[in-house]
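An overview of the molecular structure
For reference, the chains in residue letters:
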2 protein chains.
Amino acid sequence: MSDLWINNVRLGSRPEPVSIVIRDGRITSIGDPPTDWSGPTLDGRGHLALPGLVDGHAHLDKTLWGLPWRPHSAGPGLAGLVENERTNRTSLPPVRERVSSLLQTYVDNGTVLIRSHVDVDPDNGLSAVEGVLEAAASLDGLIEVEVVAFPQSGMLSRPGTAELMEAAVRNGASLVGGIDPAGFDGDAVTHLDTIFGIAERNDCGIDLHLHDRGSLGRWEVGLVVERTRALGMEGRVTISHAFCLCDGDPSIDGLLEQIADCGISLATVAPGSVDPLPLDRILELGIDICLGQDGIRDLWSPWGDADMLGRAGQMAWRAGYRRDEDIERCVELATWRGAKALGREDLHLEPGGRGDVVLVDAATPAAAAVTKPPRSAVVRDGAIVRSQ
Amino acid sequence: MSDLWINNVRLGSRPEPVSIVIRDGRITSIGDPPTDWSGPTLDGRGHLALPGLVDGHAHLDKTLWGLPWRPHSAGPGLAGLVENERTNRTSLPPVRERVSSLLQTYVDNGTVLIRSHVDVDPDNGLSAVEGVLEAAASLDGLIEVEVVAFPQSGMLSRPGTAELMEAAVRNGASLVGGIDPAGFDGDAVTHLDTIFGIAERNDCGIDLHLHDRGSLGRWEVGLVVERTRALGMEGRVTISHAFCLCDGDPSIDGLLEQIADCGISLATVAPGSVDPLPLDRILELGIDICLGQDGIRDLWSPWGDADMLGRAGQMAWRAGYRRDEDIERCVELATWRGAKALGREDLHLEPGGRGDVVLVDAATPAAAAVTKPPRSAVVRDGAIVRSQ
């Protein structure tokens, strides 16, 4: 926990330079320079200061980062993707090795927090969870990784998986996951009852993959709302993807109100080929929402690059945003708003917040999302992690 | 027109290194090193060789490239965008100055050909056309710019514009443009008759902006097909955007067959917020199609960066492509296929093609579109334009 005075930086779209003062790893003031200072300083060179970047939905264990280019080899559909991964992953270098390399890139890009879904299944056991936790530990606290025990290849359809997921949350995973309870795993009620049961017994949160579209997906959202309320899990449940909220159906607004009412958060990866979530309405209702990379160059897809600032720009471009305020909201989903959706209120660039600062040579947060500049400095807990 | 031996480069997804031999500005062989060579050489360092990049649809004259960041200021809708531009463009530096700066970036990124729509209207007269042509000339032939005389603010609705467009094609513009003959300009038949008339009288091609969606846009496509046939203009007409072909309506396939039959090409800018054109079917029918940047950081939108390789990646990501062959097709639209759609058959990396080569440190064209590496060398007509 360090002291640091960062002088001559800009915040948001305000042109005037300010100082950020960090004492004992916490931001104590933003504005005038400190009157007396004997600690380390960082010259901000008039650059823009952003909060630490946050990836709210990743699949670290799957990455091929650092390996030679590998053309996509999966057959069509979700089943083809799952099968392709099961066949090919055994020949990959260990999870710890691949994830350590990827996490270093995340750190260099200014990332301070990642929620990663990590595969748990009878073939893998807990080995991928262990590999990701070891990789995160090897970064000496430079980045936090929250692990979700994730039944990628099915839970009810692969007996033994639920027990392994429960073992995972007892051995370092922070949350229990789930995947398309109806469309992929075949029994929405039993799937949800099982994961809510694991969460209740182990006092952990839930982050559910829900790709199921249309009325099926929306019915499942209702089941999640019902269980969140029944178990008093308000504020501890995330629905990831939620493609069923993207098609403009008139029933969506009522569902969003229920989601807001029981404090469920949303995670989007803003995919290229699916219409965007109704972000205006989501924020208007006060629903917490984060942005994620999803896979990062893996057996599922060649896309993803561990740069959440670039991802924010991609999200904004995909949504057709042009105005600074709209584009900046995407940067918020990749920084403090994203952190808040993961239950972390202190990862904000304001007095009292943790001393995490990312500097870029850009006019405004929107300009940064559009131009995706390299990080000129990365500060974590008041310590300079990277400076160019 | 230079000689150059580029050794140790790779092509497509083939791993074996080859030599590219350029004599008098033309590629004479790809494969073995030349048996005797006394000319200049370029060490390809095992990098991937791509054809020169092509932007098939740009708006160079509008760019704010090189100027300070300017938050988007337009009101809603097309009319708001047009009005915002008319109000604000008078305070900008001269077209020639802004476009020269932008073209230098295009060249550095390996671009050899751009088709740019350039505003023609009673306020501007031909000044923007002249500015773009002067900027292109100032680059000493490093990049070709084809100008389309474009009635951005309406043609029938702004009397005098059609006459100015005709003057433009008599003074350096290569094609005559048009914009939403029905939805924006109010009279599809008169609009199209006017621009086809200009094309016929001046023996020039046509490139029509068609954003009109649904059945209206499809009706207009039919009108374009009819006039293309009637005037024997097969192979000389491009429809840009063609959003009306993106919604999956059953009538689209028949229209595509007519488009193919009379050699109309398509230009897409693969926008974030509009569904993609049916690319598989378009290529299957043999329709020529190119990719463009559209605006590059202008009063219309903050997006665009003069990098067609990046744009190809963006197109592929937006379409949800994962397989190398699908992503590579987008690179083709930004290179030789795009050039072909503009009527240039010789801008291909093959014996007989012009000696334009772009080198990048990437495994395959798909990998290049995903990772968007800097250009390690740019060769134009056999001359090294850039080498790092």
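**Some thoughts on helix α1 (residues 77–88) of chain B**
Residues and elements named next belong to chain B. Compared with an ideal rise of 1.5 Å per residue, which puts twelve residues at 16 Å, α1 spans 17 Å between its outermost C-alpha atoms and is within 8% of the ideal. Within the span of α1, buried status applies to Leu 81, Val 82 and Glu 85. For α1, the arc enclosing every buried residue in end-on projection is 95 degrees, short of the 170-degree limit, so these residues lie on one face. Among the exposed residues of α1, those pointing more than 90 degrees away from its buried face are Gly 77, Gly 80 and Thr 87.

**Examining the pairing of strand β8 (residues 144–150) of chain A**
Residues and elements named next belong to chain A. Extensive coverage of β8 is indicated by the burial of six of its seven residues. Pairing analysis gives seven bridges linking strand β7 (residues 111–119) to β8, with the strands arranged parallel. By the bridge assignment, Arg 115 is partnered in β8 with Glu 146. Between the parallel pair β7 and β8, the chain is carried across by helix α3 (residues 127–138), and the sense of this crossover is right-handed.

**A short note on unusual backbone geometry**
You will see that Asp140(A), though not glycine, has its phi angle at about 55 degrees, which is positive. Along the chain, Asp140(A) falls in the loop between α3 and β8. For Asp140(A), a count of 7 C-beta atoms within 10 Å gives the class exposed. Look at Asp24(B): it is not a glycine, yet its phi comes out positive at around 55 degrees.

**Quick notes on the pairing of β7(A)**
Residue and element names in this part refer to chain A. Counting buried residues in β7 gives nine out of nine residues, a clear majority hidden from the surface. One ladder, built from four bridges, connects strand β6 (residues 53–58) with β7; its direction is parallel. When the sheet's bridge partners are listed, Val 54 is paired in β7 with Leu 113.

**Details of the interface of chain A and chain B**
With 21 residues of chain A at the interface, the matching set in chain B holds 21 residues. Residue assignment for the side of chain A that touches chain B shows that the elements contributing at least two residues are α9 (308–319) and α12 (365–371) of chain A. When grouped by side-chain class, the residues that make up the side of chain A that touches chain B number eleven nonpolar, six polar and four charged.

**As for the domain arrangement of chain A**
Residue and element names in this part refer to chain A. Segmenting chain A into domains produces domain 1 (4–51 + 348–387) and domain 2 (53–341). Computed from C-alpha atoms alone, the centre-to-centre distance between domain 1 and domain 2 is 30 Å. Domain 1 puts 18 residues into the contact, and the matching count from domain 2 is 20 residues. Put simply, the parts of the chain that give the side of domain 1 that touches domain 2 at least two residues each are α12, β15 (375–380) and β16 (383–387). Of the residues forming the side of domain 1 that touches domain 2, the biggest block, five residues, is contributed by α12.

What counts and how
- Residues numbered from 1 in each chain as written.
- Chains lettered and ligands numbered in written order.
- Predicted model: local features only at pLDDT ≥ 70, side-chain atom pairs only at ≥ 80, totals over all residues.
- Helix = DSSP H or I, 4+ residues; strand = E, 2+ residues; numbered from the N terminus.
- Expected span 1.5 Å × (residues − 1).
- Buried ≥ 20, exposed ≤ 12 C-beta atoms within 10 Å, placed from the backbone.
- Arc of directions from axis to C-beta.
- Pairing = 2+ DSSP bridges.
- Right-handed = clockwise from strand over helix to strand, strands pointing away.
- Contact = placed C-beta atoms within 7 Å.
- Nonpolar A, V, L, I, M, F, W, Y, C, P; charged D, E, K, R; others polar.
- Domains from an automatic or database assignment.

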